[in-house]
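Chain residues, written in single-letter form:
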Amino acid sequence: MIGVYYPDLSPVEETFRLFKIPWEWYDPAHTYDVVIARRGEVETAGAYLVDLSEKDYFAEIARILSEGLPHCHEPMVEILIDELRQVLKEHTLLVEIPPVPWGYSYTVALTHDVDITSVRERRWVSVGYAVYQCLRKGMVRDAVRILGAKCGIGKDPWNCFEEWMRLEEDLGVRSTWFFLPEKGKAGEGAPAIRAGYYDLDAELIKRLTDGGWEVGVHGLDNWRDASAAREELQKVSDLTGATVGTRVHWLLFDEDSWKKLDEAGYVYDSTFGYNDDVGFKAGTMQPYRPQGCERLLEVPLIIQDGGLFGGKTWNSSDDGGRGACLCLSEEEGMRRCEEVLTYAKQYGGVVTLLWHHVSMAAPKRWGEFYRVLVGKAIVDGAWVAPEKEAVQWFNARSDAVIHTEHVPDGIRIRVPGIGLDSSLPPMRIRIHTNGADLGKINGDYIEGAQYSDLRCSSLDILVKVHEGTAD
Ligand SMILES: [Zn+2]
């Protein structure tokens, strides 16, 4: 057993919501294999001490999760957790629920922000700029098509819903769409160019949700104003008939936003990420509960089309002003995405992708890249899902509590209250064997390097461990 002594509750609870292992608050009457505390603060009575005065894992993890990291290309929180994991498994038979569903290698959540739904709704200045971009890239036909659509001639090339639905149906996946809740509104204090010019389309939203897609709020003022947060949520959830999540337009956010969104009733937020980079602002790909939130999960945004291929963003991650994006070639962009997928295979979590609705069309034409990228994840064995399904899975995992008990010749693992919707993949329980020899396991399992993963299909699992290895 692992005992933890720490003056502050929430950093410890936050850490162990991501690192799901059995632990308890230190009780001097109990005996432990490992005690996590500052040296000299508690009596360890022969237990191994993880000395927090050398390195305070809890404070560091909590700080990264709430403040974020600039231009971070390694999942720093996962790296810290793994350091702790390596130490713990040397000194106790460690059991864990990893952030990877049974039957899959990691999770990918697909999202689209809907800023623009047609050429016609846009002003001449932005249409003119798009035409100029097309001509620069030699897309003469596209330039003509866009000009035609602005004048009401031909099919509107910036209405890409059919193409997206077809692409995702071909791949056998579904995604989340974030719609702006109000037309012509830039948001308090934002430049006029932030406004979108379409109305919420009840028929389109019904078609999407009936087809298995998810619809959420592309927030305008919900990140800064509690009553706007409720109104924006209401407008969209009235049409979806479901609870919804949000991603704020332009990724505007401050330190109070999570609490406002949580109190307004959003199930999750997916704003925490970069406009001008790819990577791990939260230091993790795991959805997590930000400090002070009752229910809301943050699903960090990891890869977005604009960050990879865009020229400039209005909300750079350095100072919030105009700033340069990575502006990568497709080849270089894929290399960066593959780095992220490799981290996902190693640490689990959710690779959240954002491809804007209009980026399928000229002059951007980033849809084919998305198809290839999602195809790679499928080949990797990833669970590809709309964001709310990933949130449901991670919420259930976060609520699960593992109990282990040494019994004659083995260990008994109980996970009471593990209630997963049967439409979601099951969880797995990992036993870090680290040289220990697992004998009989009642249930499905697979063996990895220094661990065995069990399909968590029952609440009570018995594992026989060969003698001398269970301590
Ligand atoms: Zn947007």
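Throughout what follows, the structure given in this document is the object of discussion. Just so you know, these numbers come straight off a predicted model, no measurement behind them.

Right, let's get into helix α11 (residues 330-347). Look at α11: 26 Å from first C-alpha to last across 18 residues, which is about the 26 Å you get at 1.5 Å a residue. When we look at burial in α11, the residues that qualify are Gly333, Cys337, Val340, Tyr343, Ala344 and Tyr347. For α11, the arc enclosing every buried residue in end-on projection is 110 degrees, short of the 170-degree limit, so these residues lie on one face. Exposed residues lying more than 90 degrees from the buried face of α11 are Glu331, Arg335 and Thr342. Residues of α11 that are buried sit in contact with α3 (76-91), β12 (303-304), α10 (305-309), β15 (350-354) and α12 (367-380).

With that settled, the discussion passes to the nonpolar core. With 106 residues, the main nonpolar core has Val351 and Val384 as its most contacted residues. The leading source of residues in this core is helix α2 (residues 57-67), at six residues. Mapping this core onto the domain boundaries places at least three of its residues in each of domain 1 (2-100 + 401-465) and domain 2 (107-117 + 159-393). Once you skip the residues sitting within four places of it in the chain, Val384 turns out to touch Val108, Leu110, Val173, Val374, Ala377 and Ile378. Core analysis: the second largest hydrophobic core is formed by 14 residues, Ile116, Ala143, Ile146 and Ala149 among them.

This paragraph deals with the sheet that holds strand β5 (residues 95-96). Spatially, the four strands line up as an open sheet ordered β5-β19-β22-β21, and their pairing is antiparallel. The strands lining the two open edges of the sheet, one partner per strand, are β5 and β21 (445-448). The pairing of strand β19 (residues 427-432) with strand β22 (residues 451-456) spans six bridges and is antiparallel. Bridge pairing in β22 links Met427 to Cys456.

Scoring rules and cut-offs
Residues numbered from 1 in each chain as written. Predicted model: local features only at pLDDT ≥ 70, side-chain atom pairs only at ≥ 80, totals over all residues. Helix = DSSP H or I, 4+ residues; strand = E, 2+ residues; numbered from the N terminus. Expected span 1.5 Å × (residues − 1). Buried ≥ 20, exposed ≤ 12 C-beta atoms within 10 Å, placed from the backbone. Arc of directions from axis to C-beta. Contact = placed C-beta atoms within 7 Å. Core = buried A, V, L, I, M, F, W, Y, C linked by C-beta atoms within 7 Å. Domains from an automatic or database assignment. Pairing = 2+ DSSP bridges.

Interpretation note: all reported values are geometric properties and have no functional meaning in isolation.
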